[in-house]
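Residue-level structure breakdown
So you can see what is in the structure, the chains are spelled out below.
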Amino acid sequence: MAERYSSFNSGGRMWLIQRVTAAFLLVVLAFHFFLLHFVHHADEVTLAASSARMEQLSYYSLMVLFLVTATFHGVNGVYNALVNQGLTGTKRTVVKWSLVAASVVLLFQGIRTANAWAGGFPLL
C-alpha cells in the first residue's frame, strides 16, 4: 500500500508548519495593507518611497522571509492536494521534484527583484 503523506491530516509536524506559515503570511499581509491604506495613503506611495524602504535591512529581511515562507507554503499545499487526490508512484516523485525546481526558480527571481529594489543588500 502506498504511503499517505498529508500535512492536512491534523497532528504531524508538517501540519503544524503549514498552519504557522499560513498565520505568518496573513499577519505580514495584514500589516502591509494596514500601513499602505491607513498610514501611508495608497495614492501617495511612489516607487521612490518603496525603494527607500527596501534600503532598510529590516524591511529587506522581512521581504525575503516572506518570499521563502510563501514559496514553502504554496508548494507544500499544492503537493499535499495532489497527493490527497491519489497521486502515487513515479508521478508523485516527478511532481514533487518539478515543484521543488519551480519553487527554487521563483524564489531566486523574487530575491533578485528584492535586490534590485534594495540596491544595497546583494543576497544572490
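Calculation criteria
Residues numbered from 1 in each chain as written. Predicted model: local features only at pLDDT ≥ 70, side-chain atom pairs only at ≥ 80, totals over all residues. Heavy atoms only, no water. UniProt positions renumbered as here; feature names shortened; annotations may be inferred. Core = buried A, V, L, I, M, F, W, Y, C linked by side-chain atoms within 4.5 Å. Buried < 20%, exposed > 50% of the residue type's maximum accessible area, 1.4 Å probe, protein only. Helix = DSSP H or I, 4+ residues; strand = E, 2+ residues; numbered from the N terminus. pLDDT = per-residue confidence, 0-100. Expected span 1.5 Å × (residues − 1). Polar contact = N/O pair within 3.5 Å; in protein donor to acceptor, adjacent residues only side chain to side chain. Contact = heavy atoms within 4.5 Å.

The protein chain goes by Succinate dehydrogenase in an unreviewed UniProt entry, where it is assigned to Halorubrum persicum. Recorded under Subcellular location (unreviewed entry), the UniProt text for the protein chain is reproduced unchanged: "Membrane".

Looking now at the nonpolar core. Grouped burial of nonpolar side chains is what soluble globular proteins tend to show. By size, the foremost hydrophobic cluster in this structure holds five residues: Tyr 60, Val 64, Leu 107, Ile 111 and Ala 114. Residue contributions to this core peak at three residues, all from helix α4 (residues 89-118).

Bringing the UniProt feature "transmembrane region" (unreviewed entry) in the protein chain into the picture now. In this structure's numbering, the residues bearing the UniProt feature "transmembrane region" (unreviewed entry) are residues 20-39, 59-82 and 94-111. Structurally, residues 59-82 is divided into 100% helix and 0% strand, and its ends, taken at the C-alpha atoms, are 35 Å apart. Secondary structure across residues 94-111 divides into 100% helix and 0% strand, with the first and last C-alpha atoms of the span separated by 26 Å.

Let's shift gears to the confidence of the model for the protein chain. Averaged over every residue, the pLDDT of the protein chain is 75; the share at 70 or more is 69%. Model confidence for the protein chain, summarised as mean pLDDT per element, is weakest for helix α2 (residues 47-54) at 63 and strongest for α4 at 84.

Along an α-helix, a turn takes 3.6 residues, which lines up residues three or four apart on a common side. In a regular helix each residue adds 1.5 Å, so 28 residues correspond to 40 Å; helix α3 (residues 57-84) covers 40 Å between its end C-alpha atoms and thus fits that length. Among the residues of α3, those classed as buried are Tyr 60, Val 64, Thr 69, Thr 71, Asn 76, Gly 77, Tyr 79, Asn 80 and Val 83. Just downstream of α3, Gly 86 is the residue with a positive phi angle, here 105°.

Within the secondary structure, Thr 71 sits in helix α3. Among the polar contacts listed, one links the side chain of Thr 71 to the backbone oxygen of Leu 67, at a separation of 2.7 Å. Excluding its chain neighbours within four sequence positions, the residues that come into contact with Thr 71 are Ser 103 and Leu 107.

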